[in-house]
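# Structural overview
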Amino acid sequence: MGLSRMLLVCGTILAGSVTAAAAADCEVKLRSADTHPDGYPTVAAVRWMGDQVKERTQGRVCVEVFPASALGEEKDSIEQTQFGVIDMVRASFGPFNNLVPETQIVSLPYIFRSAQHMYNVMDGPIGDQIAEGFAQHDLIVLGYYDGGARSFYNGERPINKIEDLKGMKFRVMQSDVFVDMMAAFGANATPMPYGEVYSAIQTGVIDGAENNPASYDTSGHFEVAKYYTLDEHLIMPEVLAVSKVTWDKLSPEDQAVLKAAGKESVTVMRDLWAKKIAESEASVEKAGSQIVRGIDKKPFIDAMEPVYAKYVTTPEAKDMVEKIRATE
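Right, let's walk through the structure included here. (Residues numbered from 1 in each chain as written. Predicted model: local features only at pLDDT ≥ 70, side-chain atom pairs only at ≥ 80, totals over all residues. Heavy atoms only, no water.)

### Section: the packing of helix α6 (residues 125-135) against helix α14 (residues 315-326)
Packing of α6 against α14 brings their axes to within 10 Å, and their N-to-C directions diverge by 145 degrees. Contacts from Ile126, Gln129 and Ile130 in α6 reach Met320, Lys323 and Ile324 in α14. A class-by-class count of the residues in the contact of α6 with α14 yields 4 nonpolar, 1 polar and 1 charged. (Axes fitted to C-alpha atoms, helices over the stretch in contact; angles between N-to-C directions. Helix = DSSP H or I, 4+ residues; strand = E, 2+ residues; numbered from the N terminus. Contact = heavy atoms within 4.5 Å. Nonpolar A, V, L, I, M, F, W, Y, C, P; charged D, E, K, R; others polar.)

### Comments concerning the pattern of salt bridges
In total, this model carries 17 salt bridges according to the counting rule given. Of the charged contacts, one joins Lys297 and Glu232 as a salt bridge, the two residues approaching to 2.8 Å between their closest N and O atoms. Here Lys297, found in the loop between β9 (290-292) and α12 (298-302), pairs with Glu232, found in strand β8 (residues 227-243); they are 65 residues apart in sequence, far enough to count as distant. Lys297 gets classed as partly exposed once you look at its relative accessible area, which sits at 22%. Linking Glu281 and Arg293 is a salt bridge whose minimum nitrogen-to-oxygen distance equals 2.9 Å. Of this pair, Glu281 sits in helix α11 (residues 252-286) while Arg293 is found in the loop between β9 and α12, placing the two residues 12 residues apart along the sequence. For Glu281, a relative accessible area of 16% gives the class buried. The class for Arg293 is partly exposed, based on a relative accessible area of 43%. (Salt bridge = Lys/Arg side-chain N within 4 Å of Asp/Glu carboxyl O. Buried < 20%, exposed > 50% of the residue type's maximum accessible area, 1.4 Å probe, protein only.)

### A few points about the state of the cysteines
Working definition of a disulfide: a covalent bond connecting the sulfur atoms of two cysteines. Within the structure shown, the criterion is met by 1 disulfide. A sulfur-sulfur separation of 1.6 Å characterises the disulfide bridge that pairs Cys26 with Cys62. Residue Cys26 is located in the loop between α1 (3-23) and β1 (28-33), and its partner Cys62 is located in strand β2 (residues 61-66); the two are separated by 36 residues in the primary sequence. Residue classification places Cys26 among the buried residues on the basis of a relative accessible area of 5%. (Disulfide = S-S within 2.5 Å.)

Printed below as a string of structure tokens:
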């Protein structure tokens, strides 16, 4: 093991020990799982929530945050939270698409016009409706975080209009919706693990990929794909939820504290996320990336008609799409 890796591991162990020690005196200790690394906006927001919970319960209830998949990968941590093995989880909506059907609708391309539109939808009646779907699977929603807006980047040319995508090869997540989305754009989808993207672009196996600006930056993909177009085809919410098993063990007073702190942490997370995006965009531009802003999204949105026709088939799904589009 190299020195830098050894220091990282030791630091992680030390951080975990400090967190555990801080929670040792609490009557109720809640463990919260996250796949993102320490310092990431989601992790920082849940830590903030934990501080609030501890303060408001006079130190009786503590929240231990385990970042970087320390409690397992996202799918596993979700299942363990459902069973009460883990108390809380912060996860993206993707893994829930087959479990909670309502999450499929808010995972569709261009369903949200902007991040603020997504906030308005998820913080309103539709968010409440989706929370009921989570509750049916033993997960109590505390709030909806921001998973960022995914956009295209490549190493060939700037994408200024939909025709520029024709024939290009883009890595996508292993999702039928994403594959169908790329076909509707006239591009070719290549599902592959995230860790293989850099070398695949570098060697020409693919032309590019799609992700949010923070991931484009921190992954180093900007080094091999300098053209980034803010088409924002997917603005996906994330969820912060507590296990119903854990929830039912809490007193009504502690439930109220957790619910309030969780809701307030949403604003904290979104503010941190906005700052992170601004920093990442400035960083990659300084490194030589070209960010294409202000494109006409209408042709991109219109191209999604066959995708919606395939996935929005029930009266309930059609009603939700209409309500989302009607939300200001």
